[in-house]
Amino acid sequence: MNKDHDKLITDLHRFLNSQDFKSEKDLRKFMESMDQQIPSLPEEVLTSQEQAQNLVYEAYDLPTFKARQNIKKALKLDNNCIEAYEFLGSIEDVEEIAILFFEKGIKIGRENFNETFFERNKGKFWYIHETRPFMRCLYHYSVCLYKIGKTKEAVIISEEIIALNENDNQGVRDQLLLYFILLDENEKFQKYATMFKDDDGTFSLFNRALFAFKTEGETDNTNKQLQKAIKQNKFVATKLLSKKPITNTTDYYSWGGADEANYYAEFAKYIWENTNEATLWLKKHTTKS
């Protein structure tokens, strides 16, 4: 979660909702007159739900013990604060426990946004600010499911996320394509690879290269795809071939950097190792480059 950005957008939404605009023209005029600083509303005018959200935002800058105290206060103010359950899941080291927090956040989201809301906004959920904590819980839940070996269940949640947000701003496709390779779901891989055919990032290039190798073997086509992927991020091959466990991953990384390679390998290493001769093929072409 990018807490600073999310807090900024939350402040903007709250501030705009506190104004009595008579028309869209008034809103536009007001926005044009604003300076760069988005004001925060004073605590006394916030609802208990908004106060709870603020406590969660603060928690991200606190040591774990104090952060947990913030979350406890937040849940006293609003026991249905999705952000609080998202935070608790994000700091939990045991996947099975983290899942319980994310499941709670998802349950609340499904209750908050009724069936009509889902149908009306399907495909553009990420662009509705209030849905983002729910969407993040879904994403983290899918990752936890994969990590405990429930790949098929992770696929179901990942496909739901993309159905709700067709532009996939969360990058769920990066993991989803790997899941399809692991499960031999070739048609589904092709479906989503086509849906995001313009994606030429590190994850997409290495996933496509691995899929091509698994389905075609070593050919001029697969070799070219692999070389293109290696050129995109030279660190990935080393991470995939290393005998050391993947540690210190973060989903905030620089394109083409070692941190991006680390994050990709966290999900992909097992799948590359379990695709027949894929690591031998990778090693051969890494030595050449």
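Small disclaimer: the values here were computed from a predicted structure and weren't measured.

Participant: I'd like a description of the overall build of the protein chain, backed by residues and values.
Facilitator: Scanning the protein chain from terminus to terminus reveals 16 helices and zero strands. The proportion of buried residues among the 289 residues of the protein chain is 45%. For the protein chain, restricting intrachain contacts to residue pairs at least 6 apart in sequence, the fraction spanning at least 24 positions comes to 61%. Entry remark: accessible area of the protein chain is about 15,900 Å², with carbon and sulfur atoms responsible for 49%.

Participant: Please give an account of the pattern of salt bridges that cites residues and values.
Facilitator: Per the stated rule, a full pass over the model turns up ten salt bridges. One salt bridge connects Lys-107 with Glu-111, and the closest N-O pair in it is separated by 2.8 Å. Highlighted residues: Lys-107 and Glu-111, both in helix α6 (residues 95-112), separated by four residues, approximately one helical turn. Classification of Glu-111 as exposed rests on a relative accessible area of 51%. One salt bridge in this structure joins Lys-269 and Glu-273, with 2.8 Å as the shortest N-O distance. Of this pair, Lys-269 and Glu-273 both sit in helix α15 (residues 258-273), four residues apart, roughly one helical turn. Bridged by salt links that share partners, the residues Asp-168, Arg-173 and Asp-199 form one connected network.

Participant: Any chance you could break down the side chain of Glu-83 for me, citing the residues and the numbers?
Facilitator: Among the secondary structure elements, Glu-83 is positioned in helix α5 (residues 82-90). Although Glu-83 lies buried, it forms no salt bridge, and the closest oppositely charged side chain, Arg-136, sits 5.5 Å away as judged by the N-O distance. Side chain to side chain, Glu-83 and Gln-53 meet in a polar contact 3.1 Å long. Sequence-distant contacts of Glu-83, defined by excluding residues within four places in its chain, comprise Gln-53, Val-56 and Pro-133.

Basis of the calculations
- Residues numbered from 1 in each chain as written.
- Predicted model: local features only at pLDDT ≥ 70, side-chain atom pairs only at ≥ 80, totals over all residues.
- Heavy atoms only, no water.
- Helix = DSSP H or I, 4+ residues; strand = E, 2+ residues; numbered from the N terminus.
- Buried < 20%, exposed > 50% of the residue type's maximum accessible area, 1.4 Å probe, protein only.
- Contact = heavy atoms within 4.5 Å.
- Areas by Shrake-Rupley, 256 points an atom, 1.4 Å probe, with all protein chains shown as cover.
- Salt bridge = Lys/Arg side-chain N within 4 Å of Asp/Glu carboxyl O.
- Lys, Arg positive; Asp, Glu negative; His and termini not counted.
- Polar contact = N/O pair within 3.5 Å; in protein donor to acceptor, adjacent residues only side chain to side chain.

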